[in-house]
Amino acid sequence: MLDPPQQSIQNNSSVANKLKVLMVRAWRERWSEIQWGIYFRRLLISAGPGTDTKELAEVLLNEALVGAHPNNLVLSYLQHATLAKLLPVSASFQFISGYEGYNKPHCVLALVDFVKHMTTYMGFSYGSDGGPALCQCLQSLVHWLLKVMLRAVQMIQEPAQLEYQTLLQSATAALQAISQSDTISAILYIAKTETSDVFSDMEQTELNMRGTLSQIPQDAIPQTLRGDISNLEVLKIIKCYVQATDAVLDTSHIPICPTIVAMVAVEAVLNPNNDIQPFVDQLFIIEKLMKLKRSYLFSEVLRGCYMGLVDLKQADSQEDYRWCAFTYLKVPQILQKVQQQSPSRDFAADLEAGFDRLLYSGYMLDLADSRHNCDLLGLLLGECTKASLLSEAQLKRIYNRRNNESLRSRSGDQQISQSNAGRIIKAEPTVNSILKTLEADYSKNQESLLGVLQHMLSGKSFELILNAAAAIGKLQVFLVKLIRFNEFAKQSSGESGKASQTRALLFDISFLMLAHITQIYGLELITGCSECQDTFFTQWVTRCLPEDGKYKSVDIGMPVEPSKVDFLLSALTSGSDIAQGPPKWHEICTNTPYAIQEVLFAWEHGSISSDNIKMILNYIKTRMLSLPVCIVAWLCSYINMLSEEARTKPLSILQQLIQPLQGDSLPQYYSERSYLMQPIVQKMIHDILPPASRRPIPQYVPANSLPADVMSKTLKAVFSKGWLETERLHALKALYSLCGADWFVDRLVRQMLESNRIDDITKSLSLAYAIMHMDMEHLALSLLLHTIPSLLLSATSYTMLTDPRGYTLAKFCVLTITAAQAARSTQKDVRRGRKRSRNEFDLDDVDDLDGVHMQAKRMKMEPQITLDSEGFNFDFLNVKDESDTAPVIDSKDPLNKALLNLFRLMNAVVHDGEVSQKTSFIVSLVDEAVNCGQHARYILQFMPPNMLSQMMRCMPAAFDNSRVLQICDISNSTGRKIAVKAVAGPTSCDTISGRRHALLILRRIPGKTLSMVARHMDFNCVMC
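Residues numbered from 1 in each chain as written. Predicted model: local features only at pLDDT ≥ 70, side-chain atom pairs only at ≥ 80, totals over all residues. Heavy atoms only, no water.

Focus: the packing of helix α23 (residues 446-457) against helix α26 (residues 498-521)
To be explicit about the condition: Here an axis means a line fitted to C-alpha atoms, over the contact stretch when the element is a helix, while the angle between two N-to-C directions is reported on a 0 to 180 degree scale. Helix and strand assignments come from DSSP, with helices taken as H or I runs of at least 4 residues and strands as E runs of at least 2, each series counted from the N terminus. Should the near helix be turned counterclockwise from the far one by less than a right angle, the crossing is left-handed, whereas a clockwise turn marks it as right-handed. Residues are treated as being in contact if the distance between any of their heavy atoms lies within 4.5 Å. Charged residues are taken to be Asp, Glu, Lys and Arg, nonpolar residues to be Ala, Val, Leu, Ile, Met, Phe, Trp, Tyr, Cys and Pro, and polar residues to be all remaining types, Gly included.
At a minimum axis distance of 10 Å, the contact between α23 and α26 shows a crossing angle of 35°. Crossing of α23 over α26 shows left-handed handedness. Facing α23, whose interface residues are Gln 446, Glu 447, Leu 449, Leu 450, Leu 453, Met 456 and Leu 457, α26 presents Lys 498, Ala 499, Thr 502, Arg 503, Leu 505, Leu 506, Ile 509 and Met 513. Of the residues assigned to the contact of α23 with α26, the class counts are 10 nonpolar, two polar and three charged.

What follows is the structure in C-alpha cells.
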C-alpha cells in the first residue's frame, strides 16, 4: 500500500482536493477508522501550520451527505478525526447547525446521531475551539435540533413519512443527552448571556414545536415519545443553570440572631447621633447575606432594644437615655426608612409578624417592664401607630396578646410619665420647640431666652433633650443654633446693669452647654459644620479642649493679647469688675488663662500668698463658670509637659478651681451652671491628676492588667453568652482606642477561631462581625492589610486556616468587606455621630500635608488604576477585547488598595504549587464571595484572570460549573472567555484529561491535608 504523495500544499483548496482523493481511496479500500486517522494526520502535517481545518470538516460532511442516504463510513471517519482532536468539534457543529436538508430525513437522522454521540462522549477543549466559537456553535446546534423536532412534528402526519417519527425520537434523545451534560449546559448559559436574541428564537421554536405537537392526535405518536418530549427541559435547565446562592452566615440554630442584637447595641450606645441610613443599609446587607425573612429581621431589631433596656445597670445613666431614645425615637424612623425603600412589600404585615415573634420572649418583656416600671412595649406600639407603621386593628391584636400572655400585673404600668422612656418621648416636641425659640431675634427677648436655657439646665432636662435631639437627627442643628447664640452673646454694645448681666449669663450657659455636647458626642460634630468654622467656640474647642485624655499643646492655644492680659491681671488682683473693661466675653475667656499663668509664676516665686490665690480663684468662679473651664483646659495642657516635681502648685490651682462655691449668697443660676460645669472639668482633669486624687470612674481596662488578657476575657464572655452587653461593649471600645485597629482585629480573629465546635465558631463569627461595626472601615482595612496577609505569609498559621476555622475566616472576610464597602458608599466623607479615633485624625493630617506639598505637581487629575495597569492580565490574553473596557478603580480608596494587594498575595500563594490549608482558605474566600450576591462583583473584580484556572488546577472540582459562572463576570466578553476556559479546560472533571489531572494532584497532596481538601473536591467525580 503506497503512501499518499508527500508534497507541500500551498493553500486550503489544494488540501481539500487532496482530502477528497484520500477519501475516495479510503472508501474504495474500506479503511478502518484507525488507518484513516493515520493517513489523515500525515496529510495535516504535510499541509503545515495555518491550514483551515474547518474547511476540511465541511468537505467530509458534504461528501457524506451527497445522496438521499448518508455515507456512514465517511461519517465514522469524521467522528474519529474529531475525537482524536485532528478536527475541531466546532467545525462539524457549525456545518450541521446550518444544514437545512429536511427533505432527506435519513441524512438528518445521521447528523442527529452524530451530534448525540459527540456531545455524550467527547470533552470540549478550550484551546482548539476558542471560547466564543464553542459557545455559539453549541447554541446554534441546540437551536438546529429544536428546528429538526419542529419539522418532524409537522411532517409526522403526512402519509409514508414514518421515518420522521424516528427522527423526532432521536432529536429528543440528543437534546436530553445535551441537557444531562453539565459542561454543555454551562457553555450554553454563557452563550445565552452573549446572544440573548438567539435564545429567544430558540424559546419560540420550542413553543411552536409544543403547540404543533398538541394538535396531533394521541394515537399518532407513542405515549412514551410524547412523554419524553413533554419532559424535555433543555432550555429551562440553561435558563436556570446558575442556582441561588447560600447564606454566608447561618444562625438558624441559635435562639437569637447575635449579629443583629449586637449591632443594635453598637448603634444605640456608641453611635447615638448617627444618621439612620447607614444602619438601615447594614440591616439590608445582613438580610441578604444571611437570607433572613423581613419579619425575623424586625423581631431581632426589637429584641436587641429590649435586651439593652434589661441590661442597664444604673437608672438615669447616659446609657439609659441612649437606649430609650434609640428604642422609642430612632427605631420608628428606621422602620419608616425600611418601608420607604421596600414599597412593594406588605410592610405592616411583616412588622406585625415581627412583633408576634417578639411576644414569644414574654419573660424578657416582663423583666424590662419591671426594670422601668412601665409598659415599654405599649409605648413602642404607640409610636409605631403614630408613624402609620401599624394600623389600629394590628395594634389592638398585638396589645391584647401581650396582656393575655404577660405574667406581670399591668396595674403598675401607668407611671409612664415618670419613666425615662416616657420622658424621652415627651422630649421630642420639646426639642422642636427649643429650636424654634433659638431662631428668634436674640436682641429683643434675651430674658425669655435666658429662661429657656435655665429651664433646660434643671434636673435631667438637658440630657433628655440632647439624647432626643440626637435620636431624631437634629443635634447638629441644635448645636449650630447654640453656637450662633453664643456668638451673639459674646458681643457687648455698651450695655450695663441687668442687660449686661443677662448677656453674660447667656454666654456662660451656652458655652457650658457647647462644651458638654462636644465632650459627649465628639469634636467632629462641630468641625464638620462649615458655617461654624470661624466662630469663637469652634476655634477654642479645636485648639484647647482635651479629648479622650489627649491634651493639646499650649503652643497652639488661642492667641494672647498682652494689653488684655494686663487688664485682667489687674482686675483679678484688685477685685474690680472685669465686665466693665474693654475686653469682650470671648476675649476674657481667651486671655484669662494667660493671666492665671502670670499669677502662677508669681506664686511659684513667692510674690503672692496662697490666700491671694484662693481669693483670685473664688472671684473667677463668682463671675462666669466658663472661665474655670477655659483655665482648666489650659492648665491641663501646661501640667502635661511638666515634670512631677513642678506639678505641685499648678495642681493645687486646678483642684481649687473645680471646687464649687458654698454659701447662701451665690450668683444667679449658679447651682445649675455648676452642675453642668463639674462633669466637664472632671473629665478634663482625670488623667492629669495623681491616681490618689482621681474620682472613681469605670475602668474597663484596669491599669494592673495586660490589654491582651482583658481582650481575651471580654471576648470569651461575649462569645459564651451569645450577645453583647453594654459593659463589654465599652470595654471593647476602650481596648480599641488604647491598642489600635491592627492589634484589635488580630486578637478578635484569634479569639473567634479558638473554638473547635462548628456551632460555637458560627456564633463567635456572628458576634465578631457585629463588633467590627464599631469602626467598620478602619477595622476592615486592618483585617485585609495586616491580619490576613500575616496568616498567609506565616509558616505556623496552618491551625488557624484548617477547616472549619479556614472557611469561617473566609466568611468573616467577605462579610466585613461587603459591610465596609456599603459603609464607605454611605458615609464617604463624614463619619458623624461618634468620636473619631486618633488614627483618623492622623490620616486626615497626612492627607492635608500631602495636598499642600503635592498640589504644585498635580497639574491634572491623578490617573485611576485599572486591572490592566496593575498587571492583572499575567498570562491570559495578550490583547483585551475591544468591546470591553477595563474596570476603573478609585486609586485613592484605601479599601480598593487593600483588596488589590490581598488578591495579589493570594494569587502568588495559589501559584506557589503547594496544596495546603492556605490554598483551601483562598478557595473558601472566593466561594463565599459568590454568596454575597450583588455585592460579589465588587470583591471579585480584583481577582486576576489566571487565578481561577490555577485554583482549579490545584484543587480540581473546587468549583462546579455553576460556581465558575458566578465567579466570572460573564456580562463582558473577557469574563466569558475566562468562564469557558474554566468550564471546558483540561481541569474540568467532566473530561477525561481533567480526571487524569485530578489524580496527579491527589498524589501531590500530603495525607494530613486530604481531609481538608475533601470539602472542596467531588471524589466520586475525580476518582471515576
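A look at unusual backbone geometry
The omega torsion of the bond from Asp 803 to Pro 804 falls at 10°, within 30 degrees of zero and hence cis. Even without being a glycine, Asn 373 presents a positive backbone phi close to 55°. The residue Asn 373 is located in the loop between α19 (362-372) and α20 (376-386) in this model. A positive phi angle is found at Tyr 669, which is not glycine, with a value near 55°. Within the element layout of this structure, Tyr 669 appears in the loop between α33 (648-658) and α34 (670-685).

Considerations on the pattern of salt bridges
Under the convention used in this document: A carboxyl oxygen of Asp or Glu within 4 Å of a side-chain nitrogen of Lys or Arg is what we treat as a salt bridge. Residue burial is assigned from relative accessible area. The probe radius is 1.4 Å, only protein chains are included, and a residue is buried under 20% of its type maximum, exposed over 50%, and partly exposed in between.
Applying the stated criterion across every chain yields a total of 24 salt bridges. Residue Glu 194 pairs with Arg 976 through a salt bridge whose shortest N-O separation is 3.7 Å. Placement of the pair is Glu 194 in helix α10 (residues 182-194) and Arg 976 in helix α48 (residues 973-984), with a sequence separation of 782 residues. Judged by relative accessible area, Glu 194 falls into the partly exposed class, the value being 29%. The class for Arg 976 is buried, based on a relative accessible area of 11%. A salt bridge links Lys 386 to Glu 383; the shortest N-O distance between them is 2.8 Å. Taken together, the residues span about one helical turn, with Lys 386 and Glu 383 both in helix α20 at a distance of three residues. Among the residues examined, Lys 386 registers a relative accessible area of 60% and is labelled exposed. Exposure remark for Glu 383: the relative accessible area of 10% places this residue in the buried category. When salt bridges with common partners are traced through the structure, they connect Asp 356, Arg 401 and Glu 405 into a single cluster.

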